[in-house]
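Examination of the molecular architecture
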Amino acid sequence: MSGKGRVAEKVMVPVIAAGASLAARYAAKKGPEFVEDTLLPWLRETVQGAGGVAEKLPDKARSAVSSGGDLAEQLTGRARDVTDNGDGSAGNGGGHGLSGDELSERSEERAKRRAQRRKATKRK
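Remember, predicted model here, so these are calculated numbers, not experimental data.

With that out of the way, let us pick up the overall build of the chain. Within the chain one finds 5 helices and 0 strands. The order of helices and strands in the chain, counted from the N terminus, is α-α-α-α-α. Taken over 124 residues, the chain has a buried fraction of 15%. Considering only intrachain contacts with a sequence separation of at least 6, the fraction spanning at least 24 residues in the chain is 49%. Total accessible area on the chain stands at roughly 9,800 Å², and carbon and sulfur atoms take up 55% of it.

Listed below in structure tokens is the structure:
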């Protein structure tokens, strides 16, 4: 792969993964509301008078929506798999990436700095 291709991959893979994660979170948050406000009334009208089996459809729809969190987790996991080459190198080629422990440590450090900034801005 050319140098430009590697740079493009380094830039695009995290962007795509973040977008997939964001889309999964949005679907998990808004999915149940959409089903209850849009799909369930339509299902009720469609199945009215169709018998006992059809009356169970709204309950099945609710059950399917309640698993939206699982879908979000699966999508996030897949996004992480896409950005990880299996050796912890996070798709950056050459194996010069950070380990999971190092990434966790950096994440914790960023969280501490954010908390300090928030605390500092509240004082003003």
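Continuing now.
A surface patch of negative charge is lined by Asp-101, Glu-102, Glu-105, Glu-108 and Glu-109. Checked against the element boundaries, Asp-101 lands in helix H5 (residues 100-123).

A separate point is a positive patch on the surface. A cluster of like positive charges, contributed by Arg-106, Arg-110, Arg-113, Arg-114, Arg-117, Arg-118 and Lys-122, occupies part of the molecular surface. On the secondary structure map, Arg-117 appears in helix H5.

Moving on, we come to helix H1 (residues 3-47). When the local axis directions of H1 are compared, the greatest deviation, roughly 40°, occurs at Lys-30, which is followed within four positions by the proline Pro-32. Taken residue by residue, H1 has Val-13, Ala-17, Ser-21, Ala-24, Val-35, Leu-40, Leu-43 and Val-47 as its buried positions.

Together, Val-7, Val-11, Met-12, Val-15 and Ile-16 make up a nonpolar patch on the protein surface, roughly 450 Å² of accessible area in all. Note that Val-15 resides in helix H1. What makes Val-15 partly exposed here is its relative accessible area of 49%.

Chain-level pLDDT for the chain is 76 on average; 73% of the residues reach the 70-or-more range. Per-element averaging of pLDDT across the chain places helix H2 (residues 52-55) at the bottom with 60 and H5 at the top with 88.

As a further point, take the environment of Ala-20. Mapped onto the fold, Ala-20 is located in helix H1. The exposure class of Ala-20 is partly exposed, given its relative accessible area of 29%.

What counts and how
Residues numbered from 1 in each chain as written. Predicted model: local features only at pLDDT ≥ 70, side-chain atom pairs only at ≥ 80, totals over all residues. Heavy atoms only, no water. Helix = DSSP H or I, 4+ residues; strand = E, 2+ residues; numbered from the N terminus. Buried < 20%, exposed > 50% of the residue type's maximum accessible area, 1.4 Å probe, protein only. Contact = heavy atoms within 4.5 Å. Areas by Shrake-Rupley, 256 points an atom, 1.4 Å probe, with all protein chains shown as cover. Patch = residues over 30% accessible without salt bridge, like charges linked within 9 Å, V, L, I, M, F, W, Y side chains within 5 Å. Salt bridge = Lys/Arg side-chain N within 4 Å of Asp/Glu carboxyl O. Lys, Arg positive; Asp, Glu negative; His and termini not counted. Charge placed at Lys NZ, Arg CZ, Asp CG, Glu CD. Bend = angle between axes of the 7 residues up to and from the residue. pLDDT = per-residue confidence, 0-100.

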